[in-house]
Amino acid sequence: MNSFSRRHRPTAAVLISLAVAAGVTACGSGSGGGSDSADGGTYTVWDPYPQFAKGSAWTKLLDKCGTAAGVKIKRTAFDTSDLTNKALLAAQQGNSPDVLIVDNPVVSTLAEAGVLTTTDDNKLDTSKTDPNLLAAGQSGGKTYGTPIGANTLALYYNKKVLKEAGVDVASVKDWPSLTAALEKVKKAGKKGITFSAIGTEEGSFQFLPWFWGAGAKLTQLDSAQGESALSLWKGWVKSGVAPNSVLNNTQTTSWQEFATGEYAFAENGTWQLAGAKKAGLDYGVLPIPGASGGNAAAPTGGEFVTLPAQDDTGRYPTSQKLATCLTSTQNLYDTDTTLSYVAPTTEVQDKQVAANAELKPWVAAVRTAKGRTSDDLGTKYPKISEQMWKAVQSALSGSKSPKDALTDAQSAVK
């Protein structure tokens, strides 16, 4: 008999409450999950990559891994938020896919719902994975999958703007030196820094490096360290080195501002590398500095490969082979190159940098990055994040002081 059995199927009430916590909306039942009764050699894979159509490098890899495991692959792609809800509902119906690839903050939601098997149970090898990245898929002391890759945030800078303002980027080592550089850029008649402070998860995602870079913790939003981070952003907007548009900027519109060539700095992610080259910018990248120096921990983006619980436990060994194939050293390199991700293992990261020196600052950023649900926050994170972005909005709009905004945020979380 298999070493682990089917977990208790989550109830509808549990699924609904967790879907709300994850910020997804209810929709129809899942399709394409479970085994094909007419063909036991078909295994299902769900992923959040609808941009990759049949015949793409990604789907070819899935087929390659299926062939190696001696099975056919039935792949279904969903938008990220839709995938979360589909996975929760499919679990309730006993129709989960064999392999599920999900955004890393969602792992704890699915784990708490009893949807996923642990790596102790499914025998996925995570020994080579960087611990800080693996932490995003851990809850209650257990690990629920392995990352397929990671992205994070750093500062893009426009070399031409900095040169014209007389700023040496090497001087930017902490918050005071960054602020001094921004003021110098403004004095030269240029624009300083753009970022996303919108009232959504994107706003929290972009604020976190500054929050963590101050030494603050998500369990105490109203700490003096958290207040100093929000005061930094507030000061930038008030002095005009950051535009008022940050209040409504998504990461995409913030990037569009930087792509005009008018800004010295922009906080954004690895996924904009292609856009930076397309814009023809003479740019560089540096990790976001901590308040007193060093690299701030930025939040990790990227997905985890997980194995949902199945009624037919005999499917697990093959599912494990598929997941292992997708996250093998060679396949990680190819996949993460396709996704513009940094690999989750030092071995593959070094290989990426050797092939593309431009990835060096991104690898440095990922190595100090942190999962949003780390510190065993799990499904508490969505509520904390919502209060965080509301505090940022209140402070930057001037309706509350940074201190009052964060005090109110912490009260709401409690």
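Residues numbered from 1 in each chain as written. Predicted model: local features only at pLDDT ≥ 70, side-chain atom pairs only at ≥ 80, totals over all residues. Heavy atoms only, no water.

A.B. asks: Tell me about the sheet that holds strand E10 (residues 283-286), residues and numbers included.
C.D. replies: If you trace the 4 strands from one edge of the open sheet to the other, you get E8-E9-E7-E10, paired in mixed fashion. Each edge of the open sheet carries a strand with a single partner, namely strand E8 (191-194) and E10. Taking each pair of neighbouring strands and ignoring which way they run, the sheet shows an average axis angle of 20°. Relative to E10, strand E7 (residues 153-158) runs antiparallel, the two being bridged by 4 bridges. When the bridges of E10 are listed, Asn 158 appears paired with Tyr 283. Along the sheet, helix H11 (residues 251-259) makes contact with E7, E8 and strand E9 (263-269), crossing E9 at roughly 150°. (Pairing = 2+ DSSP bridges. Helix = DSSP H or I, 4+ residues; strand = E, 2+ residues; numbered from the N terminus. Axes fitted to C-alpha atoms, helices over the stretch in contact; angles between N-to-C directions. Contact = heavy atoms within 4.5 Å.)

A.B. asks: Could you give an account of the confidence of the model for the chain, naming the residues involved and the relevant values?
C.D. replies: Detailed reading of the predicted coordinates is not advisable wherever pLDDT falls low. Chain-level pLDDT for the chain is 89 on average; 90% of the residues reach the 70-or-more range. Low pLDDT (under 50) marks residues 1-39, which in the prediction has 88 contacts with non-local residues, meaning those over four places away or in another chain. (pLDDT = per-residue confidence, 0-100.)

A.B. asks: Describe in detail the nonpolar core, supporting the description with residues and values.
C.D. replies: With 54 residues, the main nonpolar core has Trp 210, Phe 211, Leu 218, Trp 233, Trp 236 and Phe 265 as its most contacted residues. Of all elements in the fold, only E7, helix H7 (159-165), helix H8 (175-187), helix H9 (201-213), helix H10 (224-239), E9, helix H17 (381-397) and helix H18 (402-413) reach the threshold of two or more residues within this core. Here this core takes 7 residues from H17, the largest share from any one element. Once residues lying within four places of it in the same chain are set aside, the contact partners of Phe 265 are Leu 155, Tyr 156, Tyr 157, Leu 162, Val 172, Leu 178, Leu 182, Gly 192, Ile 193, Thr 194, Phe 258 and Leu 286. Membership of the second largest hydrophobic core comes to 27 residues, among which are Tyr 49, Val 305, Leu 322 and Val 348. (Core = buried A, V, L, I, M, F, W, Y, C linked by side-chain atoms within 4.5 Å. Buried < 20%, exposed > 50% of the residue type's maximum accessible area, 1.4 Å probe, protein only.)

A.B. asks: Please give an account of H8 that cites residues and values.
C.D. replies: Its 13 residues give H8 an end-to-end C-alpha distance of 18 Å, which sits within 8% of 18 Å, the value for a rise of 1.5 Å per residue. Every buried residue belonging to H8 is among Trp 175, Ser 177, Leu 178, Thr 179, Ala 181, Leu 182 and Val 185, and all of these are buried. Tucked inside the fold, the buried residues of H8 contact E7, H7, E8, H9, H10 and E9. Once H8 ends, the next one or two residues include Gly 189, with phi positive near 85°. (Expected span 1.5 Å × (residues − 1).)

A.B. asks: Which residues make up the sheet that holds strand E2 (residues 72-77), and what are the values?
C.D. replies: One open sheet accounts for 5 strands, arranged E2-E1-E3-E11-E6; its pairing is mixed. Of all strands in the sheet, those with a lone pairing partner are E2 and strand E6 (146-147), marking the two edges. When strand E1 (residues 42-47) meets strand E3 (residues 99-103), the two strands line up parallel, connected through 2 bridges. For Val 45, the partnering residue across the bridge sits in E3 and is Val 99. Of the strands in this sheet, E1, E2, E3 and strand E11 (303-306) touch helix H13 (residues 316-326), which is tilted by about 45° from E3.

A.B. asks: Residues and numbers for the pattern of salt bridges, please.
C.D. replies: The full count for this structure, using the stated rule, is 12 salt bridges. Across the salt bridge formed by Arg 75 and Asp 47, the nearest N and O atoms sit 2.7 Å from each other. One end of the pair, Arg 75, is in strand E2; the other, Asp 47, is in strand E1, with 28 residues separating them in the sequence. Residue classification places Arg 75 among the partly exposed positions, given a relative accessible area of 23%. A relative accessible area of 0% means that Asp 47 is categorised as buried. Between Lys 370 and Asp 375 there is a salt bridge, with its nearest N and O atoms 2.9 Å apart. (Salt bridge = Lys/Arg side-chain N within 4 Å of Asp/Glu carboxyl O.)

A.B. asks: Give a detailed account of unusual backbone geometry, specifying residues and quantitative values.
C.D. replies: Leaving glycine out, the prevailing phi sign among residues is negative, and the prevailing peptide bond configuration is trans. At Lys 123, a residue that is not glycine, the phi angle is positive and equals roughly 65°. In the Ramachandran plot, Ser 340 falls in the positive-phi region, its phi being about 60° despite a non-glycine side chain. Counting through the fold element by element, Ser 340 comes out in the loop between helix H14 (329-339) and helix H15 (346-355). Note on Ser 340: relative accessible area 30%, which makes it partly exposed.

A.B. asks: For the packing of aromatic side chains, give the residues involved together with the corresponding values.
C.D. replies: Evaluation of the coordinates by the stated rule reveals 15 aromatic pairs. Ring centres 5.1 Å apart and planes at 65° place the aromatic pair Trp 46 and Phe 78 in the edge-to-face group. Note that Trp 46 is positioned in strand E1 and Phe 78 in the loop between E2 and helix H3 (80-92), a separation of 32 residues in sequence. Considered together, Trp 46 and Phe 78 belong to a single accessibility category, that of buried residues. Where Tyr 156 meets Trp 362, the ring centres are 5.5 Å apart and the plane angle is 55°; that geometry is what we call tilted. (Phe/Tyr/Trp six-rings, centres within 6.5 Å; stacked < 30°, edge-to-face > 60°.)

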